[in-house]
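Reading the structure
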Amino acid sequence: MPDQPSRSRLVVLAGPTAVGKGTVATCVREQHPDIWISVSVTTRPARPGEIDGVHYHFIADDEFDRLVAEDGLLEWAVVHSAAKYGTPRAPVEERLAAGVPALLEIDLQGARQVRATMPEALMCFLKPPSFEELERRLVGRGTEGPEERERRLRTARTELAAEAEFDVTIVNTDVETACEELVDLFRSGTSRVNS
Ligand code: 5GP
């Protein structure tokens, strides 16, 4: 990848629950190893198949609080009123200083914090083709029970309304296309696309 304007070195991917942010990020990881993807810390337990240090750094609540107190996180949030999630600051700053394109896949609250503290970041909103499709995906992945699913759908409705806060929108109709559109953001140096 040739040298690009610095404003698109950091891309933040956010969007409602179950829209497929994780799947799109996995596609980027597999097909574009030149893009570094931040590994978040979280206090939620690992799901089957998740590897500590790869999908997340799974840490205890007091360790998370210590990181917050030390200003070790670029942003953090309590997601779905349950666990805490945060982006370790040092690895992001190191990659940016070295000119490595960096991607953060985080929730809306975290995205707002990054926008405030790092205005050079390009904010990308991933949205589903429709709310019904989002519902189908949440049911289909089967990682949440009915109550948790209802809670996440309520959150998703609010989150969908946040699209206008973002620079660019990608509709996640299929993963491969969304992945390529996301990668193009690093190349094009796109800034404000949403009106
Ligand atoms: P899950 O528990 O399903 O892996 O993730 C739940 C939500 O937490 C997703 O919306 C994901 O984008 C968000 N998330 C993951 N890592 C971070 C992070 O470091 N910071 C913030 N604010 N949200 C995160």
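Quick look at the structure, then.

Okay, the overall build of the chain next. Within the chain, the regular secondary structure consists of seven helices and nine strands. Compactness check: the chain gives a C-alpha radius of gyration of 16 Å against a globular reference of 16 Å for 195 residues, within 12% of the reference. Viewed in the frame of its principal axes, the chain has a C-alpha envelope of about 45 × 40 × 30 Å. The buried share of the chain, taken over its 195 residues, is 45%. When the accessible area of the chain is evaluated, it comes to approximately 9500 Å², of which 52% is carbon and sulfur surface.

What follows deals with the site of the ligand. Around the ligand lies a shell of 15 residues, among which Ser40, Arg44, Tyr56, Tyr85 and Glu105 are the nearest. Asp107 places a side-chain nitrogen or oxygen 2.7 Å from a nitrogen atom of the ligand. Here the ligand loses 92% of its free accessible area of 520 Å² to cover by the protein chains. Among the secondary structure elements, those contributing two or more residues to the shell around the ligand are β5 (73-79) and β6 (83-88). Class assignment for the residues of the shell around the ligand results in five nonpolar, four polar and six charged.

So, about helix α7 (residues 175-188). Here α7 spans 20 Å end to end across 14 residues, near enough to the 20 Å set by a 1.5 Å rise per residue. Buried residues of α7: Ala178, Cys179, Leu182, Val183, Leu185 and Phe186, and no others. For α7, the buried positions fall inside an angular range of 135° around the axis, keeping them on one side. Among the structural elements, β1 (10-14), α1 (21-31), β7 (102-105), β8 (122-127) and β9 (168-171) are those in contact with the buried residues of α7. Capping the start of α7, Asp174 holds a side-chain oxygen 3.4 Å from the backbone nitrogen of Glu176, two or three residues further along.

In contact at an axis separation of 11 Å, helix α5 (residues 131-141) and helix α6 (residues 146-160) are set at 145° when each is read in the N-to-C sense. For α5 against α6, the interelement crossing comes out right-handed. Counted together, Phe131, Leu134, Glu135, Leu138, Val139 and Arg141 of α5 and Arg149, Arg152, Leu153, Ala156, Arg157 and Leu160 of α6 form the full contact between these two elements. Taken together, the residues of the contact of α5 with α6 sort by class into seven nonpolar, no polar and five charged.

This part is about the sheet that holds strand β2 (residues 36-37). Judged by pairing direction, the sheet is parallel, and its five strands sit side by side in the order β2-β7-β1-β8-β9 without closing on themselves. Pairing within the sheet leaves two strands with one partner each, and these edge strands are β2 and β9. Pairing between β8 and β9: four bridges, direction parallel. Paired with Leu126 across the bridge in β9 is Ile170. Each of β1, β7, β8 and β9 touches α7; the most contacted strand, β9, lies at about 160° to it.

Right, let's get into the sheet that holds strand β4 (residues 57-58). Strand order in the open sheet made by the four strands is β4-β3-β6-β5, with mixed pairing throughout. Two strands in the sheet have a free side with no partner beyond their single neighbour: β4 and β5. Both β5 and β6 contribute to a ladder of six bridges, which runs antiparallel. Looking at the pairing, Glu75 lines up with Thr87 of β6.

Glancing now at α5. Within the span of α5, buried status applies to Phe131, Glu133, Leu134 and Leu138. Around the axis of α5, the buried residues are gathered within 160° of arc, so they sit on the same side. Turned more than 90 degrees away from the buried face of α5, the exposed residues are Arg136 and Gly140. Check the buried side of α5 and you find it contacts α6. At the C-terminal side of α5, Gly142 shows a positive phi close to 60°.

Reading the values: rules and limits
Residues numbered from 1 in each chain as written. Predicted model: local features only at pLDDT ≥ 70, side-chain atom pairs only at ≥ 80, totals over all residues. Heavy atoms only, no water. Helix = DSSP H or I, 4+ residues; strand = E, 2+ residues; numbered from the N terminus. Rg over C-alpha atoms; globule rule 2.2 N^0.38 Å. Buried < 20%, exposed > 50% of the residue type's maximum accessible area, 1.4 Å probe, protein only. Areas by Shrake-Rupley, 256 points an atom, 1.4 Å probe, with all protein chains shown as cover. Near = heavy atom within 4 Å. Polar contact = N/O pair within 3.5 Å; in protein donor to acceptor, adjacent residues only side chain to side chain. Nonpolar A, V, L, I, M, F, W, Y, C, P; charged D, E, K, R; others polar. Expected span 1.5 Å × (residues − 1). Arc of directions from axis to C-beta. Contact = heavy atoms within 4.5 Å. Axes fitted to C-alpha atoms, helices over the stretch in contact; angles between N-to-C directions. Left-handed = near helix turned anticlockwise from the far one by under 90°. Pairing = 2+ DSSP bridges.

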